[in-house]
Amino acid sequence: SITEKYPYHSILTEEKLSKKLDSEYEWVIDPLDGTTNYIHNLPIFSISIGLRYKEETVFGMVYNPAVDKMFYAIKDKGAFLNNSRIYTASSNTLSNSLLATGFPYIHDKYYDLSFSIFKDFYDKTQGIRRLGVASLDLCFVAMGRFDGFYEFNLKPWDVCAGDLIVREAGGEC
């Protein structure tokens with residue numbers, strides 16, 4: 001649909017459908033974030049679409065079809081869940097925070113470090129959750145459900161839309 005409506009826009013995706021053109025616009029898409037959850041019928045997965053203009057994200061959308069929740073943001077216009085404005089939490093200490101994380105699938109140089117960081121944060125927070133869907137983790141930060149999210153080796157399609165949603169909700173990435 002995007003290539004039909006915007007034939008001169010670039011597309012960057014996790015799948016093999018990427019299309020690099022000489023365009024100021026680039027769509028950044030993860031058509032199924034949380035594939036393992038989806039395969040196991042766990043209703044925590046999403047479709048994530050971001051739009052960059054001159055390398056700056058100007059629109060982000062993360063949709064969880066299992067529960068019909070649509071997070072979205074437009075640069076300088078705020079962040080929303082369905083049609084209600086959302087904001088990040090106001091916790092300013094780790095001891096009052098609930099964090100989210102992800103772990104590497106491969107045993108690379110970040111594998112042991114990820115678990116070491118997890119142990120450090122686990123002892124200093126109210127807890128850590130691992131949902132397996134970076135785009136939704138970021139949206140849950142944007143709506144104040146989580147106070148923070150961290151993970152190594154994320155790709156543009158994992159974070160493009162969620163990053164804008166967090167920033168437009170008052171957070172930092």
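Refer to the structure above for everything that follows.
Residues numbered from 1 in each chain as written. Predicted model: local features only at pLDDT ≥ 70, side-chain atom pairs only at ≥ 80, totals over all residues. Heavy atoms only, no water.

Which residues make up the packing of aromatic side chains, and what values go with them?
Inspection of every chain in the model, using the stated rule, returns 12 aromatic pairs. Considering the side-chain rings of Phe71 and Phe140, the 6.1 Å spacing of their centres and the 65 degrees angle between planes classify their relative orientation as edge-to-face. Placement of Phe71 in strand S5 (residues 69-74) and of Phe140 in helix H4 (residues 134-142) is noted, with a sequence separation of 69 residues between them. For the pair Phe71 and Phe140, a shared accessibility class is recorded, and that class is buried. Note on Phe103 and Phe118: the rings are 5.6 Å apart at their centroids and 65 degrees apart in plane angle, and the pair reads as edge-to-face. Remark: Phe118 occurs in helix H3 (residues 111-124) and Phe103 occurs in the loop between strand S8 (98-101) and H3; sequence separation between them is 15 residues. (Phe/Tyr/Trp six-rings, centres within 6.5 Å; stacked < 30°, edge-to-face > 60°. Helix = DSSP H or I, 4+ residues; strand = E, 2+ residues; numbered from the N terminus. Buried < 20%, exposed > 50% of the residue type's maximum accessible area, 1.4 Å probe, protein only.)

Could you give an account of the environment of His40, naming the residues involved and the relevant values?
Locating His40 in the fold gives a position in the loop between helix H2 (35-39) and strand S3 (46-53). Overall, the relative accessible area of 60% leaves His40 in the exposed class.

Explain the sheet that holds strand S10 (residues 148-150) to me, using residue names and the numbers behind them.
The sheet built from three strands is open, its strands ordered S9-S8-S10 with parallel pairing. Looking at which strands have only one partner, the edges of the open sheet turn out to be strand S9 (127-129) and S10. Each neighbouring strand pair of the sheet contributes to a mean axis angle of 30 degrees, computed without reference to strand direction. Both S8 and S9 contribute to a ladder of three bridges, which runs parallel. Within the sheet, the bridge partner assigned to Leu99 lies in S9 and is Ile128. Of the strands in this sheet, S8 and S10 are in contact with H4, which crosses S10 at around 155 degrees. (Pairing = 2+ DSSP bridges. Axes fitted to C-alpha atoms, helices over the stretch in contact; angles between N-to-C directions. Contact = heavy atoms within 4.5 Å.)

Residues and numbers for the pairing of S8, please.
Running through H3, the crossover from S8 to the neighbouring parallel element S9 is right-handed. Bridging between S8 and S10 involves three bridges; their strand directions are parallel. Bridging across to S10, Ala100 finds its partner in Phe149. (Right-handed = clockwise from strand over helix to strand, strands pointing away.)

Which residues make up the nonpolar core, and what values go with them?
Val62, Phe71, Ile86 and Ile165 are the most contacted members of the largest nonpolar core, which totals 23 residues. Sorting the residues of this core by element identifies S5, strand S6 (78-81), H4 and helix H5 (156-168) as the ones contributing at least two each. The leading source of residues in this core is H4, at seven residues. The residues touching Val62, leaving out its near neighbours within four places in the chain, are Ser46, Ile47, Ser48, Lys69, Met70, Phe71, Ser135, Leu136, Cys139, Ala161, Gly162 and Ile165. (Core = buried A, V, L, I, M, F, W, Y, C linked by side-chain atoms within 4.5 Å.)

Could you give an account of the pairing of S6, with specific residues and numbers?
Both faces of the sheet carry side chains from a regular strand, because those side chains alternate between them. Judged by which residues are buried, S6 turns out to be covered on both faces: Gly78 and Phe80 on one side and Ala79 and Leu81 on the other are all buried. Two elements, S5 and S6, share four bridges in a ladder whose sense is antiparallel. Bridging from a neighbouring strand, Tyr72 pairs with Phe80 of S6. Hairpin connection of S5 to S6: three residues between the antiparallel strands, including Asp76 at a positive phi of 65 degrees. Where S6 lies against strand S7 (residues 84-85), two bridges are found, and the strand directions are antiparallel. Within the sheet, the bridge partner assigned to Phe80 lies in S7 and is Arg85. Between S6 and S7, which pair antiparallel in sequence order, lie two residues; one of them, Asn82, sits at a positive phi of approximately 50 degrees.

Report on the side chain of Asp33, specifying residues and quantitative values.
Considering the arrangement of structural elements, one finds Asp33 in strand S2 (residues 25-33). Although Asp33 is buried, it makes no salt bridge; Arg130 carries the closest opposite charge, 9.4 Å away. (Lys, Arg positive; Asp, Glu negative; His and termini not counted. Salt bridge = Lys/Arg side-chain N within 4 Å of Asp/Glu carboxyl O.)

Pulling in residues and values, what's your account of H5?
The end-to-end C-alpha distance of H5 is 18 Å, a good match for the 18 Å that 13 residues give at a rise of 1.5 Å each. At Gly162, H5 shows its strongest bend, of approximately 25 degrees. Within H5, 10 of the 13 residues are buried, leaving the element largely enclosed by the surrounding structure. After H5 finishes, the residue Gly170 shows a positive phi value of roughly 105 degrees. (Expected span 1.5 Å × (residues − 1). Bend = angle between axes of the 7 residues up to and from the residue.)

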